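A closer look at the structure
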Amino acid sequence: MLYVFCFFVVIQQVVVQILIFVMFFLLLCGTYLFRVGLIGVLSKYFREVMVVTLLYLILTCILGGMRLAHIGSEAAFVQLWNVSGFTLVSIIQKLFATYYYVINIRTAIQLGQPKFYTKEPWVQMYREGNK
């Protein structure tokens, strides 16, 4: 029973992270650059959030897998912290989580800027680049 509960907790964490990324992508779909097909330019602005999301998802999956492997071995749940590497991976994942959330909040604020939804700043940048 505990194994099933932990499995659903891990799946829930992964699903929420994927939904956060989907929401980020939906926000990108509304930008001027996305609508005109300049996805390469858009990805340069938001590459960091894409990489950080992928790394955080991987760390969460590793930590969840370690947790499920320990619970599946019928060992006591309290002894999970004695598993070699679990404490280190858990600390790294928790510290990386703060960076992940800061990047996501900063990206949401950045996507609120009007320059991503109008063509004038991008046309002006293109004209200045060709001089």
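Residues numbered from 1 in each chain as written. Predicted model: local features only at pLDDT ≥ 70, side-chain atom pairs only at ≥ 80, totals over all residues. Heavy atoms only, no water.

1. Details of the overall build of the chain
Regarding its fold elements, the chain presents 6 helices and 0 strands. Of the regular secondary structure in the chain, the N- to C-terminal order runs α-α-α-α-α-α. Taking 14 Å as the expected radius of gyration for a compact globule of 131 residues, we find that the chain reaches 20 Å, considerably beyond that expectation. By principal-axis analysis of the C-alpha atoms, the chain measures approximately 65 × 25 × 20 Å. Here the chain, with 131 residues, has 29% of them falling under the buried criterion. (Helix = DSSP H or I, 4+ residues; strand = E, 2+ residues; numbered from the N terminus. Rg over C-alpha atoms; globule rule 2.2 N^0.38 Å. Buried < 20%, exposed > 50% of the residue type's maximum accessible area, 1.4 Å probe, protein only.)

2. Notes on the layout of surface pockets
A water-sized probe, rolled over the atoms, reveals where empty space remains. In this structure, the largest pocket encloses a volume near 190 Å³. In this structure, the largest pocket is lined by Tyr32, Leu33, Val36, Leu38, Val41, Tyr45, Trp122, Val123, Met125 and Tyr126. Listing elements by their share of the lining of the largest pocket, those giving two or more residues are helix 2 (32–35), helix 3 (39–45) and helix 6 (120–129). When residues in the lining of the largest pocket are grouped by element, the largest group, 4 residues, is from helix 6. Broken down by class, the residue content of the lining of the largest pocket amounts to 10 nonpolar, no polar and no charged. (1 Å grid on protein atoms, 1.4 Å probe; cavity = no way out; pocket = protein on both sides within 12 Å on 5 of 7 lines; lining within 4 Å. Points joined across faces, edges and corners; volume = space filled by probe spheres on them. Nonpolar A, V, L, I, M, F, W, Y, C, P; charged D, E, K, R; others polar.)

3. Digging into a nonpolar patch on the surface
A surface patch of nonpolar side chains, amounting to about 520 Å² of accessible area, comprises Val4, Phe7, Phe8, Ile11, Val15 and Leu19. Looking at where Ile11 falls in the secondary structure, it is placed in helix 1 (residues 2–29). Residue classification places Ile11 among the partly exposed residues on the basis of a relative accessible area of 37%. (Patch = residues over 30% accessible without salt bridge, like charges linked within 9 Å, V, L, I, M, F, W, Y side chains within 5 Å. Areas by Shrake-Rupley, 256 points an atom, 1.4 Å probe, with all protein chains shown as cover. Salt bridge = Lys/Arg side-chain N within 4 Å of Asp/Glu carboxyl O.)

4. Overview of the pattern of salt bridges
This structure, assessed with the given rule, holds 1 salt bridge. The shortest N-O distance in the salt bridge between Glu48 and Arg106 comes to 2.6 Å. In this pair, Glu48 sits in helix 4 (residues 47–72) while Arg106 sits in helix 5 (residues 86–110), placing the two residues 58 residues apart along the sequence. For Glu48, a relative accessible area of 35% translates into the label partly exposed.

5. Things to note about the confidence of the model for the chain
A residue-level look at the chain finds 94% of positions with pLDDT of 70 or above and a mean pLDDT of 88. Ranking the helices and strands of the chain by mean pLDDT puts helix 5 first, with 94, and helix 6 last, with 84. (pLDDT = per-residue confidence, 0-100.)

6. So, the packing of helix 4 against helix 5
In the contact formed by helix 4 and helix 5, the axes pass within 9 Å of each other and the chain directions differ by 150°. In terms of axis orientation, helix 4 runs roughly antiparallel to helix 5. You can see that helix 4 and helix 5 cross each other, and the crossing is left-handed. Residues of the contact of helix 4 with helix 5, tallied by class, amount to 17 nonpolar, 6 polar and 4 charged. (Axes fitted to C-alpha atoms, helices over the stretch in contact; angles between N-to-C directions. Parallel < 35°, antiparallel > 145°, perpendicular 65-115°, else oblique. Left-handed = near helix turned anticlockwise from the far one by under 90°.)

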